[in-house]
Amino acid sequence: MKVTLKVFRYNPETDQRPRYDVFHLEAEPNDRVLDLLEKVKAELDGSLSYRRSCAHGICGSDAMRINGRNRLACKTLVKDVGTTIVVEPILGLPVLKDLIVDMEPFFESYRKVMPWFINTDPPPEKERLQSPEERERFDDTTKCILCAACTTSCPVFWADGSYFGPAAIVNAHRFIFDSRDQAAAERLAILAQEEGVWRCRTSFNCTEACPREIQITKAIAEVKRAILTGRLD
Amino acid sequence: MQVHTHTYDVVVIGAGGAGLMAALYASKKAKTAVISKLYPTRSHTGAAQGGIGAALGNLEEDHPEWHAFDTAKGSDYLGDQDAIEFMCYQAPEIVYELEHMGVPFDRTSDGRIMQRRFGGHTNNKTGKPVRRACHAADRTGHMILQTLYQQNLRQGTHFFNEFYVTDIVFHEGRVAAVVAYELATGDLHVFRTKAAIIATGGFGQLWEVTSNAKTLTGDLPAVVLRRGLPLEDMEFFQFHPTGIYKLGILITEGVRGEGGVLINDLGERFMDKYAPTVKDLASRDVVSRAIYIEVREGRGIGGGKYVYLDVRPETVNKYAALDGRTRPDGSPYVVTKEELLAKLPDIIDFCKTYLGIDPMEEPIPVQPTAHYAMGGIPTTLKTEVIRDEHNTVVPGLYAAGEVACVSVHGANRLGTNSLLDIVVFGKVAGKEAAEYAKHADLASLPADATDLTRDQLERLRHGTGGERVADIVAEMKAVMTEHVSVFRTEEGLTEALEKIRELKERYRRVSITDKSARYNLELMEAWEAGNMLDLAEAVTLSALNRRESRGAHWREDYPKRDDENWLKHTLIWIDEEGKHRFAYKPVVITKWQPKEREY
Ligand SMILES: Cc1cc2nc3c(=O)[nH]c(=O)nc-3n(C[C@H](O)[C@H](O)[C@H](O)COP(=O)(O)OP(=O)(O)OC[C@H]3O[C@@H](n4cnc5c(N)ncnc54)[C@H](O)[C@@H]3O)c2cc1C
Ligand code: FES
């Protein structure tokens, strides 16, 4: 089938302003949008720039806006988006070149929620015990690949980049609800701050954008409830 | 190109599981930098699915000694048994350490780490598969990578992300500096350092169908070759039996561990014929060859180049009953759809996304996929890089993880042993490098430290020969797939070698379009292509040289293992003129004399 690929281009080194380049390609319905970008880069315009690595949705490199929706280019098939495909960088982070954005503000928010396991008791000789139910409690939020599709689909984040954003809250949730972790109270205090969960207006954009199908809005609601009740059940 | 200089005690190159574990230990004792061409959590360790091997015995009897024997046997007796024993005896402790750092392993009903079966891991008394793979759903690597990165953040490790290491410079044989290209600016950075740890992973991108990320291009092994150091056992590259047809995306062996079976066009469960005892859970070289033979003899699905992996509950239960498989409590093994969905969520998602099929309703089309480099940069048991067959150490240089050859995997790696390898030897590397740095002084920096990098990059940037990188890479992949994969012959390998040399010639005339400084990925991909060509040559030469069949290296013209002449490791050097030479290192045998391998 024939597809028309319209790609956002911008190199601040040389370009006054962004533009869109249009490429006409032969594609298979099962081709990934990433395959199309690779084809353009290999055969038509080597300067097209984007991040990618695993090509199957696990490394989180290639979140972009595809026909207006945040998705991973490697997990989006041509047959799911039609024959006219518009590819643009994710919103709310500075564009560095073409589809590459500056991820540092995103990771800065991530680091602020103390996204690491804390348990200061001397560890036992073997594993710390955890029941399958306790393990299940935070399973969903362990799936996050830090692609930023959720955070950059959030209208609150677009309006004010200091909001931690859904990805940071998801990663805090992963530890807050881990029965082995001891720093839930500190993380909840951080998330109760001005940049934290109360900014969330439950627009559900994040949940829809997540390529890992994490129930993000639910996770945020659970964090809100924990802050209000002081309980983790 | 602007040049920036930094000074560290230890520089870790690569931020996958091996690099992050090394960094965690090195930075406790020494001023440490981690340089990675990817943001750390993008590393391919995150793709590992099935599990990490350790004889915890949480579900049934198991012993590190059994694990070590299985690994030695799986390696087709080419693995060094001192290293194998070290790794397998360390395994329980390091898995507990990961758990203490927060890795969310799945749990047994009594709250301990859950374990599943994996190919080649057996109860040494009965020969039957044993539950040894500790797992976190089917994203064990993701969990380990995230956890190690998080602990490094907690500890304040210095990261240089999206920096490509292009060279290592030496002074009087010692490490003097690591040279890197900063993707964001196009600047060069010279990291003066006492010690450097190479942890850059594999190079599956040499082949068309691979489970490896597009960034796994073998840069550092190529750098090492250029700097006159050898590579070990490059002829041994593992093809995993179950990649998604055409795409190569991995379907973990865990699927067969949970009871999935391989089926040919006649509807036969064909592994019966090739491995009567463990069947679908034979080691990977055995299963990949079986699939090739089925396909060659016309029993691929519809006569095509693939077979089915069937994990539908009714199929699983049918064969489990035929095999007399039981649960740990002795009751018959019966699975439900819900259990499989909970254990294999990502696999099911891959099939739905990329194939549009639900593996609970339909079998999965699979073919062998280029997966894992058993060979690599030769090291001692302490992860020190060596320069010759006498184990002469290169002071200050270390290597760990898939890029290294210590050698625990020999001619064929068992599943779950790489995640284990990267954490066990990553930890050793971190400790050893920090200890070395404590006593060493900084080597003087040669005046020409950045020359080689500049030459390479400027030539690529300004090349006018008109050759396209993508064409060269595609042709390389095609010939590697045709002649340097599961079955090999002298004729095919010779043809491949000629082609690769022709491609290397053409590579000198490459041109690129992007001349800009920032995020010039076209430039870096062109540079990576040069590395792949160098490695393709090393792999092919080594394969041509080894006139026997062992593990993943199967020569149709020499179909027998030949312990008399070939129970030894290959070292290969390739000099600037492209001349190569080989030397050999004996295999370390502690307990297990080579025997015929039966599964
Ligand atoms: C799909 C898949 C599933 C797997 N499943 C399992 C499993 O279940 N169990 C198991 O034991 N093993 C498994 N393996 C194997 C195992 O995951 C890998 O061998 C292992 O993770 C490699 O880790 P590493 O740290 O050596 O390298 P990687 O994780 O690949 O990291 C390499 C690092 O090097 C960096 N790098 C590379 N080149 C450069 C350069 N030029 N400059 C700077 N940095 C550079 C990269 O940025 C990256 O950070 C699997 C492999 C694959 C592909
Ligand atoms: S390339 Fe890894 S998520 Fe798409």
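Fair warning: this is a prediction, and the values are worked out from it, not measured in the lab. (Residues numbered from 1 in each chain as written. Chains lettered and ligands numbered in written order. Predicted model: local features only at pLDDT ≥ 70, side-chain atom pairs only at ≥ 80, totals over all residues. Heavy atoms only, no water.)

Caption draft 1: Broad picture of the domain arrangement of chain A. All names here are of chain A. Considered domain by domain, chain A is made up of domain 1 (2-101) and domain 2 (104-229). A separation of 29 Å is found between the C-alpha centroids of domain 1 and domain 2. Contact with domain 1, which involves 13 residues of that partner, is made by 15 residues of domain 2. Contact with domain 2 buries surface across domain 1, with N70, L91 and L93 losing the most and accounting together for 41% of the total. (Domains from an automatic or database assignment. Contact = heavy atoms within 4.5 Å. Buried area = accessible area lost by both parts, 1.4 Å probe.)

Caption draft 2: Here's a closer look at the sheet that holds strand β10 (residues 231-232) of chain B. Residues and elements named next belong to chain B. Here we have three strands laid out as an open sheet, ordered β10-β21-β22, and antiparallel in their pairing. The open sheet has two edge strands, β10 and β22 (580-586), and neither has a second partner. In the sheet, β10 pairs with strand β21 (residues 568-574) via two bridges, with the strands oriented antiparallel. Each residue of the ladder has a partner; that of L231, found in β21, is I572. (Pairing = 2+ DSSP bridges. Helix = DSSP H or I, 4+ residues; strand = E, 2+ residues; numbered from the N terminus.)

Caption draft 3: How the structure looks around the environment of I176(A). All names here are of chain A. By the element assignment, I176 lies in helix α6 (residues 166-176). For I176, a relative accessible area of 3% corresponds to the buried category. Beyond its immediate sequence surroundings of up to four residues, I176 is in contact with A184, R187, L188, L191, V223 and L232. (Buried < 20%, exposed > 50% of the residue type's maximum accessible area, 1.4 Å probe, protein only.)

Caption draft 4: Here's a closer look at the packing of aromatic side chains. Enumeration over the complete set of coordinates arrives at 23 aromatic pairs over all chains. With centroids separated by 6.3 Å and ring planes inclined at 35°, the aromatic side chains of Y8(B) and F191(B) adopt a geometry described as tilted. Linking Y8(B) in strand β1 (residues 3-13) with F191(B) in strand β9 (residues 188-198), this pair joins segments that are 183 residues apart in sequence. In terms of burial, Y8(B) and F191(B) fall into one category: buried. Site record: aromatic cluster; members linked through ring pairs are F106(A), F107(A), Y110(A), Y39(B), Y149(B) and F159(B). Its guanidinium or amino end placed over the ring of Y25(B), K28(B) lies 5.0 Å from that ring's centre, counting from NZ or CZ. When the ring centre of Y372(B) is taken as origin, the NZ or CZ atom of R413(B), which lies over that ring, is 4.0 Å away. (Phe/Tyr/Trp six-rings, centres within 6.5 Å; stacked < 30°, edge-to-face > 60°. Lys NZ or Arg CZ within 6 Å of the ring centre and 35° of its normal.)

Caption draft 5: How the structure looks around the sheet that holds strand β12 (residues 261-263) of chain B. Residue and element names in this part refer to chain B. The sheet built from four strands is open, its strands ordered β11-β14-β13-β12 with antiparallel pairing. Two strands in the sheet have a free side with no partner beyond their single neighbour: β11 (237-244) and β12. For this sheet, the mean angle separating the axes of adjacent strands, direction not counted, is 45°. Looking at chain direction, β11 and strand β14 (residues 364-373) are connected through six bridges and run antiparallel. Pairing of H240 across the sheet is with T369, part of β14. Where helix α8 (residues 284-296) meets the sheet, it contacts β11, β12, β13 (307-310) and β14, and its direction lies at approximately 60° from that of β11. (Axes fitted to C-alpha atoms, helices over the stretch in contact; angles between N-to-C directions.)

Caption draft 6: Summary view of the interface of chain A and chain B. Each side of the interface is counted separately: chain A has 64 residues, and chain B has 56 residues. A buried area of about 5,100 Å², summed over both sides, lies between chain A and chain B, and 50% of it is on carbon and sulfur atoms. A salt bridge links E162(B) to R51(A), with the nearest nitrogen and oxygen atoms 2.6 Å apart. In this structure, the connection of chain A to chain B is made through 40 residue pairs in polar contact (both at pLDDT 80 or more). Where the side of chain A that touches chain B is concerned, the elements lending two or more residues are α1 (33-44), β6 (95-97), α3 (104-112), α4 (132-137) and α6 of chain A. Looking at which element gives the most residues to the side of chain A that touches chain B, the answer is α1(A), with five residues. (Salt bridge = Lys/Arg side-chain N within 4 Å of Asp/Glu carboxyl O. Polar contact = N/O pair within 3.5 Å; in protein donor to acceptor, adjacent residues only side chain to side chain.)

Caption draft 7: Local environment of the nonpolar core. In terms of nonpolar packing, the biggest core is built from 173 residues, with L5(A) and I52(B) touching the most fellow members. Ranked by the residues each element gives to this core, the list is headed by helix α12 (residues 417-439) of chain B, at eleven residues. Of the domains in this structure, domain 1 (2-101) and domain 2 (104-229) of chain A are the two that each give at least three residues to this core. Not counting residues within four places of it along the chain, the set of residues in contact with I52(B) comprises V95(B), L98(B), F105(B), R132(B), A133(B), C134(B), T140(B), I144(B), T416(B), L419(B), L420(B) and V423(B). (Core = buried A, V, L, I, M, F, W, Y, C linked by side-chain atoms within 4.5 Å.)

Caption draft 8: Representation of the pattern of salt bridges. For the structure shown, the criterion picks out 82 salt bridges over all chains. For E99(B), the salt bridge identified is with R180(A), shortest N-O distance 2.8 Å. Of the two residues, E99(B) sits in helix α3 (residues 81-101) while R180(A) sits in the loop between α6 and α7 (184-191), which places them in two different chains. The residues E99(B) and R180(A) share a single accessibility class, namely buried. A salt bridge links D9(B) to K194(B), with the nearest nitrogen and oxygen atoms 3.5 Å apart. One end of the pair, D9(B), is in strand β1; the other, K194(B), is in strand β9, with 185 residues separating them in the sequence. Overall, D9(B) belongs to the partly exposed group, its relative accessible area being 22%. You can call K194(B) buried: its relative accessible area is 18%. Through salt bridges with shared partners, one network takes in D76(B), E235(B), D285(B), R289(B), R546(B), E548(B), R550(B), R561(B), D563(B) and R597(B).

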